[in-house]
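One letter stands for each residue in the lines below.
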Amino acid sequence: MSEPKDRQAAITGIGVVAPNGTSTDTFWKATQEGLSVLDRVTREGCEHLPLKVAGEVRAFDPAATIEERFLVQTDRFTHYAMAAADFALDDARLTPSGIPDAPYSIGVVTAAGSGGGEFGQRELQRLWGKGSRFVGPYQSIAWFYAASTGQVSIRRGFKGPCSVVASDEAGGLDALAHAARAVRRGTDVIVAGSTEAPLAPYSMVCQLGYAELSRETDPTRAYRPFTEGACGFVPAEGGAMLVIEAAGTAEERGAGIRAVVAGHGATFTGASRWAESRDGLAHAVRQALAEAGCAPEEIDVVFADALGVPEADRAEALALADALGPHAARVPVTAPKTGIGRGYCAAPVLDTAAAVLAMEHGLIPPTPNVFDVCHDLDLVTGHARVAEPRTALVLSRGLMGSNSALVLRAGTRQ
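Residues numbered from 1 in each chain as written. Predicted model: local features only at pLDDT ≥ 70, side-chain atom pairs only at ≥ 80, totals over all residues. Heavy atoms only, no water.

Digging into the overall build of the protein chain
Cut-off, in case you're wondering: To qualify as a helix, a DSSP run of H or I must reach at least 4 residues; to qualify as a strand, a run of E must reach at least 2; elements of each kind are numbered from the N terminus. In this treatment the radius of gyration is a C-alpha quantity, and the globule benchmark scales as 2.2 Å times the residue count to the 0.38 power. Residue burial is assigned from relative accessible area. The probe radius is 1.4 Å, only protein chains are included, and a residue is buried under 20% of its type maximum, exposed over 50%, and partly exposed in between. Residue contacts are counted whenever heavy atoms from the two residues lie within 4.5 Å of one another. A 1.4 Å probe and the Shrake-Rupley method give the accessible areas. Residues count as covered only by the protein chains that appear here.
If you tally the helices and strands in the protein chain, you get twelve helices and 15 strands. Relative to the compact-globule value of 22 Å for 414 residues, the protein chain shows a C-alpha radius of gyration of 20 Å, a close match. The C-alpha extent of the protein chain, read off along each of the three principal axes, is 65 × 55 × 35 Å. Going through the 414 residues of the protein chain one by one, you find that 61% of them count as buried. Restricting to contacts in the protein chain with at least 6 residues of sequence separation, those with at least 24 account for 79%. Working note: accessible area of the protein chain is about 15400 Å², and carbon and sulfur atoms make up 53% of it.

Some details on the UniProt feature "domain: Ketosynthase family 3 (KS3)" (unreviewed entry) in the protein chain
So the rule is basically this: UniProt positions are given in the numbering used here, feature names are shortened, and annotations may be inferred rather than shown by experiment.
The positions that UniProt labels "domain: Ketosynthase family 3 (KS3)" (unreviewed entry) are, in the present scheme, residues 6-410. Each end of residues 6-410 is marked by a C-alpha atom, and these two atoms are 16 Å apart; helix forms 33% of the span and strand 19%.

Re helix 3 (residues 76-91)
Using the following cut-off: For a helix, the expected span equals 1.5 Å multiplied by the number of residues minus one. Two N or O atoms form a polar contact when they lie within 3.5 Å of each other; inside protein one atom must be a possible hydrogen donor and the other a possible acceptor, and for residues adjacent in sequence the pair counts only when both atoms belong to side chains.
The end-to-end C-alpha distance of helix 3, which contains 16 residues, comes to 23 Å, matching closely the 22 Å that a straight helix rising 1.5 Å per residue would cover. For helix 3, the tally of buried residues reaches 13 of 16 residues, placing the bulk of the element in the interior. For helix 3, the side-chain oxygen to backbone nitrogen distance between the N-cap and F77 is 2.9 Å, and the N-cap itself is D75. Remark: R93 follows helix 3 within two positions and exhibits a positive phi of approximately 55 degrees.

Take a look at the structure:
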């Protein structure tokens, strides 16, 4: 049974802090043009590490948008979240005074995989180098993967349902789905999404254990999924936050509905079991389609997980064929993350933002740095493709085995 129209989970605001743009407009401009900003890692203390290429956020000044009292008690990944939440709320033109029963009807949901590694490393260095009296009190919270949910809700005074999703990289999509279900159950507004900051020495050393991580030193070759030259993924920082609210609430306050979160599915198939992820991802897609009441042939564009590991890429292509049938060979597929890197939990949220923008602008963005596709996919490469997508499918898999799929329907703000 479908939910009442006024309880549909509508996306009304988008906020982005990404390697290719620190606003939604600059992010979309770079994404639709297929620009690649992958480059050599420049963070201090990382020079000697074998990970040489990443997607860094370089044009971002947290002090320009976030108060000092919050900056000193939070890590870079939470700075991104607070800024992106501000951008999303501004985009949605949402203030608590315009929401019934606020602030208790506004909540926050985030996902994170890396947490506040940079902050934690700095405080631990002080502990061992100077002593316990030199460790700040915020060490106890700033590293924690739940910090962004807590700080966004405290800073904005939101007292509705707040939570953190811990489900691997797929957690970004799962957080959006969790928010959508909270809205359908009666919460008016959820600020949801994910941001990551894994480009610091301690965090990068932790990632070096991933066999799927690319060690390629040439930025143009480091992340090339669905090709014979696929050699793994390139990490990235940044992310996106979305305002998800009841369609009825949005209409009452005159907000434009950018898209609707229509369906979601999630499964688990085990760490690095990429051949098995075929069945798991296909099952997640079928779940998402069923919840959305969507036939396979209604999908107009797929935003792929695109891990960049040959076995994983093959499994994803086969999963699409399993779930979408003959339509899988015809539907346009894209992976704009190859131009900015794969930002763990944040990656599928950035893909979701790009999917909404693609439906609004009638353009399917290309997959940067990818040309010689070796799978039976209609992968959009080179240049954006003019189209009129009305329904988008976003996919995500995690290195630890989570699989997730999200179906989006175009909104009324076109």
